[in-house]
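Spelled out from the first residue to the last, the chains are:
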Amino acid sequence: MSKPKGKLALYWAASCGGCEIAVLQLDAKILDVAEAFDIVFWPVAVDAKVRDVERMADGEIDVCLFNGAIRTSEQEYMAQLLRRKSKVLVAFGSCSHEGGIPAIANLNNKNEIFQTSYRDTPSTENPNGVYPQPETQVPEGTLHLPVFYDTVRTLDQTVPVDYYLPGCPPEADRIWDAITAILENKLPAAGTVLGDDTTVCDTCPRKRSEKKIKEFKRTWQVIPDAETCLLEQGLLCCGIATRAGCGALCPQVNSPCIGCYGPNNGVQDYGARLMAALASVIDANSPDEIQRIIEQGIPDPIGSFYRFSLAHSLLRRKKLAKAGE
Amino acid sequence: MSEPFEPKIVGFLCNWCSYRAADLAGSARIKHAPNVRIIRVMCSGRVDPTFVLKALALGADGVMVAGCHPGECHYLEQNYKAMRRFHMLKHALQAMGVDDQRVRLVWASAAEGQQLADAIDQLVEDVRRLGPLNWPANWQEDAQRLKALEKIAHEHAEAMEVLS
């Protein structure tokens, strides 16, 4: 290859690590990636340090794939650093795109989370009430931990983002499409979400007829038949409001869509869109009946409507406890 | 120092019934609380949950959605759709810790100026009792965050200075 190699960085913030695995799902194509790019920073696989990134010139990294939401000061620092050092910053996966699963913690605040994690869980023994502190004095000096924020944010609520690769995790084909687009310099306009502009339903092979639901069922309550639309069978399938691009993988294995690809273009609030769509299929006209169907069938509305998008949504998190409460 | 709390209410009123009820209330000189900012929509079924959430996210303390009585919709049955969406939305807002008194679905026909005025007064009174929602402020992080960031940048400054 005569062309000079590009520089690629991958980073994770508040995420589970699945996005890292998704990159490896590229399979043998990962060799093509390695041929086109020098991977200059990828904590999970490459032994480069933060200091090495800090010593780079601004804009020296060609592409940075950043997965994970922003929950701590360290993650915010890394987001700012990688933004400065990268020409193209891609929010990779649901967490950096919309907040993802970590953002459901916006239903609680830092104190509640710490109390659950470090005090209340049955397997925790913490008689002295020790909680992580940003600074701890030990004989050898001061130890530092990142500051844990009350609110989980998306990457683009922290720094400007060029592209979004949705999905939990993004599908390998889509990652490859994005990498090819970068290599061939055929990237769309900045700010684009790299997916299809249609819904999962459009790509789902199941048979659809009129949707009328008298009851929402949870996945453990039924074994759905393999042909009919899952929503028509009463399962809360998010395909109607979710961006296509995954190939409707979940409905094809009898599992309802959980909405990881997020909203389509022009939709400001994923959950609101899903609520509007689901409300339309409820087959009842009396307020009591409607309320019963919704409250019985959807016991966890935030987890159902905003499973991946609470940080990105219009919902401005639960009220924070006042100082001292 | 601080002024007494005046609730900000956004009202989505349907063109065919509730907006006319508001008109009627006006021409009949029925008095009601001035806190509602009315937005006319063609039908209560046009009110996407996004509208309500956006109003709250931009600082409204309460939202009223008003339409024709069930069975009297100008578009046959879209107000039933509004009803279902409304229950869905209320369910989600409750889970977010927003009191369900803050969002209200009201039916008012074009002849019910008085009823609409009463419903507005009632909503304003209930929200006044609940106090400000102040949703945008929930989003703000305390100053600890910026201090922590500065500290990391400071600690790492040495490395950053090598090139610059």
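The numbers attached to residues start from 1 for each chain and follow its sequence in the written order. Going through the entries in the order they are written, you letter the chains from A and number the ligands from 1. Note on the predicted model: pLDDT of at least 70 is required for a residue's local features to be given, and 80 or more for side-chain atom pairs to be given and counted; whole-chain, interface and lining totals, by contrast, use all residues. Only hydrogens and water are set aside when side-chain values are computed; all heavy atoms of the structure are taken into account.

1. Structural notes on the packing of aromatic side chains
Residues and elements named next belong to chain B. In plain terms, the rule: Ring pairs shown here join Phe, Tyr and Trp side chains whose ring centres sit within 6.5 Å, with only the six-membered ring taken for Trp; geometry is labelled stacked below 30 degrees between planes, edge-to-face above 60, and tilted in between. A run of DSSP states H or I qualifies as a helix once it reaches four residues; a run of E qualifies as a strand once it reaches two. Both are numbered from the N-terminal end. The classification of residues rests on relative accessible area computed with a 1.4 Å probe and restricted to protein chains. Under 20% of the type maximum is buried, over 50% is exposed, and intermediate values are partly exposed.
Under the counting rule described, the total for this entry stands at six aromatic pairs over all chains. Ring plane angle 35° and centroid distance 5.9 Å describe the contact between phenylalanine 12 and phenylalanine 51, whose orientation is recorded as tilted. With a gap of 39 residues between them, phenylalanine 12 in strand S1 (residues 9-14) and phenylalanine 51 in helix H2 (residues 49-57) connect regions that are remote in the sequence. Among the residues examined, phenylalanine 12 registers a relative accessible area of 6% and is labelled buried. A residue is classified by how much of its surface remains accessible, and phenylalanine 51, at 26% relative accessible area, is partly exposed. Ring geometry for tryptophan 16 against tyrosine 75: centres 6.5 Å apart, planes inclined by 70°, an arrangement best described as edge-to-face.

2. Notes on the domain arrangement of chain A
All names here are of chain A. Worth spelling out the cut-off: What marks off one domain from the next here is an automatic or database domain assignment. Any pair of residues with heavy atoms lying within 4.5 Å of one another is described as a contacting pair. By buried area we mean the combined loss of accessible area, with a 1.4 Å probe, across both parts when two parts are placed together. For the purposes of these results, a polar contact is taken to be a pair of N or O atoms within 3.5 Å, where, inside protein, one atom must be able to donate a hydrogen and its partner to accept one; residues adjacent in sequence count only when each atom of the pair is a side-chain atom. Polar here means any residue other than Ala, Val, Leu, Ile, Met, Phe, Trp, Tyr, Cys and Pro, which are nonpolar, and Asp, Glu, Lys and Arg, which are charged; Gly is therefore polar.
Split by domain assignment, chain A resolves into domain 1 (6-101 + 150-183) and domain 2 (200-305). For domain 1 versus domain 2, the distance between C-alpha centres works out to 31 Å. Contact residues are listed per partner, giving nine residues for domain 1 and nine residues for domain 2. Buried area between domain 1 and domain 2, summed over both chains or domains, comes out near 630 Å², and the portion from carbon and sulfur atoms is 56%. For the pair domain 1 and domain 2, the interface holds three residue pairs in polar contact (both at pLDDT 80 or more). Classifying every residue of the side of domain 1 that touches domain 2 gives three nonpolar, three polar and three charged.

3. Considering the state of the cysteines
Basically, it comes down to this: Cysteine sulfurs are considered disulfide-paired once they come within 2.5 Å of each other.
Taken as a whole, this structure holds one disulfide over all chains when the rule is applied. There is a disulfide in this structure between B:Cys17 and B:Cys68, and the S-S distance comes to 2.4 Å. Linking B:Cys17 and B:Cys68, the disulfide has an S-S dihedral of approximately 100° and is accordingly described as right-handed. One end of the pair, B:Cys17, is in the loop between S1 and helix H1 (18-27); the other, B:Cys68, is in the loop between strand S3 (62-67) and helix H3 (78-95), with 51 residues separating them in the sequence. By relative accessible area, which is 4% here, B:Cys68 ends up buried. Its sulfur unpaired, A:Cys237 is 5.2 Å from the next cysteine sulfur, which belongs to A:Cys257.

4. Focus: helix H6 (residues 110-120) of chain A
All names here are of chain A. In plain terms, the rule: In this description, one arc is meant: the one made by directions from the helix axis to the C-beta atoms.
All of the buried residues along H6 are Lys110, Ile113 and Phe114. Down the axis of H6, the buried side of the element spans an arc of 95°, and every buried residue falls inside it. In this structure asparagine 109 caps H6, since a side-chain oxygen of it lies 3.2 Å from the backbone nitrogen of asparagine 111.

5. Regarding the pairing of S3(B)
Two faces belong to every sheet, and in a regular strand the side chains alternate between them. All names here are of chain B. We apply this condition: Two strands qualify as a pair provided that DSSP identifies no fewer than 2 bridges between them. A crossover gets the label right-handed when its path from the first strand over the helix to the second runs clockwise, viewed with the strands pointing away from the viewer.
Within S3, six of the six residues are buried, leaving the element largely enclosed by the surrounding structure. Alternating positions in S3 separate into two faces, Gly62, Met64 and Ala66 on one and Val63, Val65 and Gly67 on the other, with burial throughout. With five bridges joining them, S1 and S3 adopt parallel strand pairing. Following the sheet pairing, valine 10 is matched in S3 by valine 63. With H3 bridging S3 and its parallel neighbour strand S4 (residues 103-107), the resulting β-α-β unit is right-handed.

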